[in-house]
Structure formats: structure tokens, C-alpha cells
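What follows is the residue order along each chain.
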Amino acid sequence: MNLKLGYIQIRDIQFAKTSAIKDGVLNVNAKELEALVLEDENFASVKFDIARPGESVRIMPVKDVIEPRVKVSGDGDIFPGMISKVQTVGSGVTHVLKGAAIVTTGQVVGFQEGIIDMTGLGAEYTPFSKTLNLVVDFTPIKNLTPHKYEESLRKAGLRIAYEIGKLGKEITPDEVKEYEFLPLLESIAKYPNLPKVGYVQMLQSQGLLHDTYVYGIDMKLSLTTMLSPTEVFDGAILSGNCVSACDKNTTYHHQNNPVIEDLFEQHGKTLNFCAMIITNENVFLMDKQRSSDWTAKLTKYLGLDGAIISQEGFGNPDTDLIMNCKKVEEAGVKTVIITDEYAGREGTSQSLADADPAADAVVTGGNANQVITLPPLKKIIGSIGHVEKIAGGFKGNMAKDGSITVEIQAIIGATNELGFNRLSAR
Amino acid sequence: MSKLKVIHYINQFYAGIGGEEKADIKPELREGAVGPGAAFTAAFGDKAQITHTIICGDSYFNENLEKAKKEILGFVKKVKPDLFIAGPAFNAGRYGVACGTICDLVQSELGIPVITGMYRENPGAEMFKNSVYIVETNNSAVDMRNAVPKMAKLGLKIVKKEPIGASIEDGYLPNGVRVNFFDTDRGSKRAVDMLVKKLAGKPFTTEYPMPDFEKVPPNKAIKDMSKVTVALVTSGGIVPYGNPDHIESSSASKYGEYDITGVMDLTESTYETAHGGYDPVYANQDADRVLPVDVLREFEKEGKIGKLHHKFYTTTGNGTSTKSSKAFAKEFAQKLLYDKVGAVILTST
């Protein structure tokens, strides 16, 4: 598969009468988007706002972050199986509205949504302080169940991103990157002397609002399987998660999966990136055993020399991570795992809920229990109401001046386990 | 601002007194800097000054441990420095152990900030890296010019109570405290680089060495449950409605102990979950799904168990460090024993 990603650099977002991209400025007609959102009868109202890097703005509680993209040519369409029809994506040309993001906010369950600060200390920990954010704040109808609300919220965010993405279809991109992913045997024939490397992506699938969708399929119902990494760039993998903010993969993280990008960067130079395996993180032991068996079996069948395994979440999924690592190593495939840590606020605890000597090459996204104080910011988009209850908060964590003290696990993407950030720990 | 007062501890070799044949010399306090002290003086600039040097033979220290400790501590007490430095000892085993021992002592007994330096395989490193800051050096004195500025810098940071960075930033041996820092490259690139090295058989450094994972062997089976008091313990965050003790939704700082005397069933209006790591809808509808009080009351009635203990213990396992969990359990396990509880049903989520 060959995919060209055309990056259109967005310099600002403005509300306007006509939605269009002009000289890098994304003009948005909020009324049209509002009408689109309210087609879903589960919403009572919706508000749009813009948050720019450096502004004194706190967004909370954040549900998902999505990058607007549009399919210019090639099979299928963005977000297949969820917003567009199911058809294999990952080839042709896709345009990306680089620097822009759709941020959805809405309190689904109270604990599990996070914070984006556009300035100050908190901004250093989230990648979304650097994006121009069109923030969509939803109010559901009364008595809507959390599960229905999550589904509506997820789809509304994707729909808005899809609509905005379309504005980039006719625009000439500022930069084009080409990604080629060959059939396995061709890839091996082309690079006979390079080590064959795969990427094993573990997807959050504990269920009950901890879900990830692949071509519309809830990943907890799938066996471990394979796809082309270029498909991921077209939105084949989507977040349906309401879990701790720091290490959940938002849809934006999937669309810009840094492991895929960095493996492609070395492809043909120091390694041959020739396989991508996706597996789940289900809660039952039987599922964990089956999925990790399949992961190891596939890496061996493909004849891989090495694999990077990335995790999503913590605690329970630590067991999936270690099982995958151990079994893949036993299959003779060398691994590097990417995780994050819960070493306690003092940093003195064991960091993972499981461990094995086979995991001798670990990259960490940092200790999620680290406590920081976020300064008071002038504007809140969404609501600050649950700041004591969110994962990473505690009783009395908001001072009179509006500053809040939290563990960095409350910040969206802070300890991301795809290796999205520079944060680490020793 | 006046310069900070520093005492420097070195052995007979670095004092220029002699090698192995002079290793039995007794502790001696000299004014001013001696030997490597000159390099420290340069590194400290106008911020600090070595006012005194303590010299002690390595054999003397290790063979007359208690006496040597007392004598050296006496010198330090007399001078009352702002900072105590020892070494660097590089890979000299007895010297490293002496540096670690005396630093640990000065820090714990006198509350004076300390810093030492040595090679990671020095036996003193393994013994003291978790109690005092040990700057990592190479294995020979050739590394003196790198080691001294690092020790001086970290030493001053400790005195001034500035935040200490991650071991890799401030150059000390990992001490069991995980500290966050921003690396040069993003994690995915670090992972790809690490894999390329691992595949090529080249040395690489893991960012998190695997701990020795503690396995708990299960107790022996209970022969007759009908005589036993059974307690419920959960990490699923079930609490009385309103979460009266404000147990955190993640990274719990405490556990709760609640009386369920006379409680036959947990209902939507009386109990809920405080746990932020799973969808709380079903647990809030009926908390028995996580903490099965209703079923155990039936078992109690049917005589399948002796009785249900009148208290349950609860916390949120979500994002809670294993160290905290262990500390909670250690405490309430004693309470369970005191209350003659014979079996515990431990539920998670």
C-alpha cells in the first residue's frame, strides 16, 4: 500500500459565515456544525469555542481529540466503519489539517475525563496545548445513559472532524510525505539484509466505556489481527475510551501514531518495517491468554526479528503487556515495550502491576502519579466541577485562587504509551 | 553571601600519604583542601569552600568500624559544615564502602547534606545508593575531572534544597525513586533506537529495569467453611453512598473500614463505587456486584459460612501504587486477625 499524506498547515481557527480554509486560516461556520450535531436527538444543546496555544484556557473534561483529515484519492474514506462505509483505506492521497484539532468535552462518568491547559505548567504535559483546538461542548438530554451518551459524543466528534476535514480536499498541501507498506514477501525481497521488524499495538478493550474500534468493530470482540500501518493514518482505529486521561490513546494519537511514523523513518535504513499486529486488552484471563498466544504466534509466523509493543492504560493491561512481551520473546523475536509508570507520588513504589525478566528493553512515558499544581487560568471551557473526583484528583485539590493540584494522570496524553511525548522517568 | 562550609573525606592514597602500606592510618582532621579537594575548590567557585579535610586509612576504617565512625563523626560535629562530601572512590571497594558508610551516618545522625561518588559496581554503591546520593563515576581516577563538577553541582543542589532531577539528568546512581524528566527524543523514537541496538546485539539501556516481582503463595484450603468468619475486602472502591472518607478515584491515599452490621443488601441509595478505573454504572446500580454482601448473607443464613464479618475494607486499586496497597493491607490484615476472621474474599474489578 502506498499512501501520500499531504499536510496543510493551519495557522489559526476563526468563526465565520462560511466554512473554508483561506491562507492557512480555518474558518468555521458554527451554526452549520450545530445543526449537524443536533441531528442526534440525544443532544439538548452544543457550544463551540476556540482554544489557541498560549491562551489562558483550561479545557475539561475532555472526551476525545480528533485531527481533521480528508481522503483526496484512493479507496475508502476517513473513519471507515464508523462515519464512512467499510472499505479498506490506507492508499492514495489523504490531506491533513495539521495544527488543528477537534476537542470534545462532556462529562460522561465523572472520573475518567481529563484536562488540557493551553498555557502554564500543565501545557508542558499535553500535546494538545500546541494545537489550535475547536472545542465542542455537548449537553445531553436528561436521563441519557452514560453508554448512549458516550456513543453519541464519540460519533459527533468524528462527524465534525470529518466535515472540517473536507474543507482541505482542494487545498494544495504545504508538505507531502509518502509511506509505502509492501506485502511481506516483497518487503523481505526488497530489503534482504535488514532485520524484519513489526509493530504490535495493544488496544484498550476492557469494555464498559473502555473501548477501541477498528473499522467499526469493537476490538474486544476481535482476535489478534493485522493491518497496514497506512490504514491507521486514515482513521481505521478510533478511540471509544473514557479512561484515565494520561495514557488513553485519543483518536488523534491513533491518526498520528508515532511508533508507526518512527518505524517508517528507519524503514529501509536500519530495519524493514514489514508488519503491524493489533491485539486487545480484555479483562478475562482466558482472553488475555488467547490474545497473547495469537500475538506471539503471528510474530513467529511472519518471521520477525524484532517488535515494538505498545500498551494502552495501566494496571490490568500491565498483565497483557507482560504476557505479550514474554511470549513474543519466547518465540525468538526481540522486543521493546512502551509503557508508563504508577510508582506512587513519592516515586518509590514498583511501577507496574506485573513484571518479567524478558522485558529487558522498556521505554517509559513517565510516572503518572507525579503531582503538579496547575495555575489558575482565566477561562474554563466545559466545567471544573469534577476536579476533585477525576482520576488524579483528590479532596480539596482546588485552591481559592483557582489553581488545582493533580497527579499528571489527570492531563490528557501526559504519559502516552505510544511514545508520543518526550516525558520519561529514571 | 558567605561561602558554604564543606568537609571533604578522603583516604590515605588521595591524601598523598601512601598506598596499601599506609592504609591503617587513623582519622585525621586537617584544615583546608587536600588532594582532590583542589578540584572541588575550583568546581565550587565562590559558592562553597572546603574548610576541612578528613583523612582516614581504608583498612583502619573497615577494621575499626565503630571507633572510626565515632572519631569521624566527632570531627564533623565540631566543624558543623553545610555539606559533607566523600571521595570520589571510583572502583576502590573499601574506600567506596567507607565513603558510603560515613555519608549515610553524617546524613542520618547530624542531618547534614552529603554527596559521594563511585563506580556503579563498587560494593559501596549497592550498599548505599538508596540512602545517599552517589554520583556515578567511571572505574578509575582518570574520571576525576568529570566526577568532581557533577558531585559539586549535585551537592550544592541538595544543600539549597533545590528539586533533584532524574538520575540520568543529575548523574547519580538510580536510587529507587522514579523521577520524571523530559528526554531529548520522544518515546517512540527512543523505542525504535533501542530495538535497532537490541537487534544488532549492541548495548542498550532499559528505561525501567524490571523489579523482582513479589509472589504471594496462597494459604492452605479451609476444611470447614461453616465455622469460619468470612470478611469482604475489595479494591473495587465500594463505599457508603457519598464516599464519606473521600477515597480518591485513582491513586488512593487511604482505605476505608465500614460497618455492615445488619446490612443485608447493598442498594443504589446506600452504596456506590469511588473507583475511577472502570465504568461505574453497574456497580452503582448494585454494589453487591463488586462486594457480594447479599450472597454472603444468604450463605450465613444457610449455614454455609460461620458468619460474615461485620466490617469490610475497601480502597480503589486504580492507579494506586503497589507500595500503597501493600501498606494498607498490612494494617488491616492485623485488624482482621485481631477480630478472628478466618477467611477473606478479595474482590477486584
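Along each chain, numbering runs from 1 in the same order as the chain's sequence is written. Labels are handed out in written order, letters beginning with A for the chains and numbers beginning with 1 for the ligands. pLDDT decides what is reported in this predicted model: residues at 70 or higher carry local features, side-chain atom pairs at 80 or more are listed and counted, and totals for whole chains, interfaces and linings draw on all residues regardless.

1. As for the overall build of chain B
Assigned secondary structure in chain B consists of eleven helices and 14 strands. Taking 2.2 N^0.38 as the reference for a compact globule, 349 residues should give roughly 20 Å; the C-alpha atoms of chain B span a radius of gyration of 28 Å, well beyond that estimate. Once the C-alpha set of chain B is aligned to its principal axes, its extents read approximately 85 × 50 × 45 Å. Exposed residues have 12 or fewer other C-beta atoms within 10 Å of their own C-beta, buried residues have 20 or more, and residues in between are partly exposed; the C-beta atoms are placed from the backbone. The buried share of chain B, reckoned over its 349 residues, is 43%. Residue pairs are scored as contacts if the distance between their C-beta atoms, which are placed from the backbone, is within 7 Å. The long-range fraction of contacts in chain B, counting pairs at least 24 apart against all pairs at least 6 apart in sequence, stands at 70%. Numbering of helices and strands runs from the N terminus; a helix is a DSSP stretch of H or I covering at least four residues, while a strand is a stretch of E covering at least two. We compute the radius of gyration over the C-alpha atoms and compare it with the globule rule, which gives 2.2 Å times the number of residues raised to the power 0.38.

2. Digging into the packing of helix α7 (residues 285–301) of chain A against helix α8 (residues 316–330) of chain A
All names here are of chain A. Relative to each other, α7 and α8 sit at 35°, their axes nearing to 8 Å. As α7 runs across α8, the sense of the crossing is right-handed. Residues K288, S292, D293, T295, A296 and T299 of α7 touch α8, and the partners they reach there are T319, D320, M323, N324, K327, V328 and E330. When its residues are assigned to classes, the contact of α7 with α8 shows three nonpolar, five polar and five charged. Whenever a helix is involved, its axis is fitted only over the stretch in contact; in every case the axis is a line through C-alpha atoms, and angles between N-to-C directions fall within 0 to 180 degrees. Take the far helix as your reference; a near helix turned counterclockwise from it by less than a right angle gives a left-handed crossing, and one turned clockwise gives a right-handed crossing. Residue polarity is assigned by list, with Asp, Glu, Lys and Arg as charged and Ala, Val, Leu, Ile, Met, Phe, Trp, Tyr, Cys and Pro as nonpolar; anything else, Gly included, falls into the polar class.

3. Quick notes on helix α6 (residues 258–266) of chain A
Among all positions of α6(A), only A:P258, A:V259, A:I260, A:E261, A:D262 and A:L263 are buried. Here the buried face of α6(A) lies against β13 (196–204), α4 (229–233), β18 (272–281) and β19 (306–310) of chain A together with α8 (187–199) of chain B. One or two residues past the end of α6(A) sits A:G268, with phi positive at roughly 85°.

4. Quick look at the domain arrangement of chain B
Boundary definitions for the domains trace back to an automatic or database domain assignment. One can read the domain layout of chain B as domain 1 (4–170) and domain 2 (225–347). Once you take the C-alpha centre of each, domain 1 of chain B and domain 2 of chain B turn out to be 51 Å apart.

5. A short note on the sheet that holds β19(A)
All names here are of chain A. Taken together, the six strands give an open sheet; going across it, the order is β16-β18-β13-β19-β20-β21, and neighbouring strands pair in mixed fashion. A single partner strand is all that each edge strand has here, and the edge strands are β16 (225–226) and β21 (362–367). Its contacts with the sheet put α6 on β13, β18 and β19, and the angle it makes with β13 is roughly 175°. Against the sheet, α8 touches β13, β18, β19 and β20 (334–341), its axis set at about 165° to β20. In this description, strands pair whenever DSSP reports at least two bridges between them.

6. Observations regarding the interface of chain A and chain B
Listed per partner, the contact involves 68 residues of chain A and 51 residues of chain B. Of all the secondary structure elements, the ones that give two or more residues to the side of chain A that touches chain B are α6, β19, β20, β21 and β25 (423–425) of chain A. In terms of residues, the side of chain A that touches chain B owes the most to one element, β21(A), which gives six residues. Split by residue class, the side of chain A that touches chain B holds 32 nonpolar, 23 polar and 13 charged. Pairing analysis gives three bridges linking β25(A) to strand β7 (residues 180–182) of chain B, with the strands arranged antiparallel. Note on β7(B): the bridge partner recorded for A:S424 is B:F181.

7. Overview of the sheet that holds strand β5 (residues 114–119) of chain B
All names here are of chain B. Ordered in space as β2-β3-β1-β4-β5-β6, the six strands form an open sheet in which the pairing is mixed. Both edges of this open sheet fall to β2 (28–31) and β6 (134–137), since each of them pairs with a single strand only. The average undirected angle you get between the axes of adjacent strands in this sheet is 25°. Pairing of strand β4 (residues 83–86) with β5 involves three bridges; the strand directions are parallel. Counterpart to F84 in the pairing with β5 is V114. Together, β1 (4–11), β3 (48–56), β4 and β5 form the strand contacts of helix α4 (residues 93–110), whose direction differs from that of β5 by roughly 160°. Packing of helix α6 (residues 144–159) onto the sheet brings it into contact with β1, β3, β4, β5 and β6, and relative to β5 it is tilted by some 150°.

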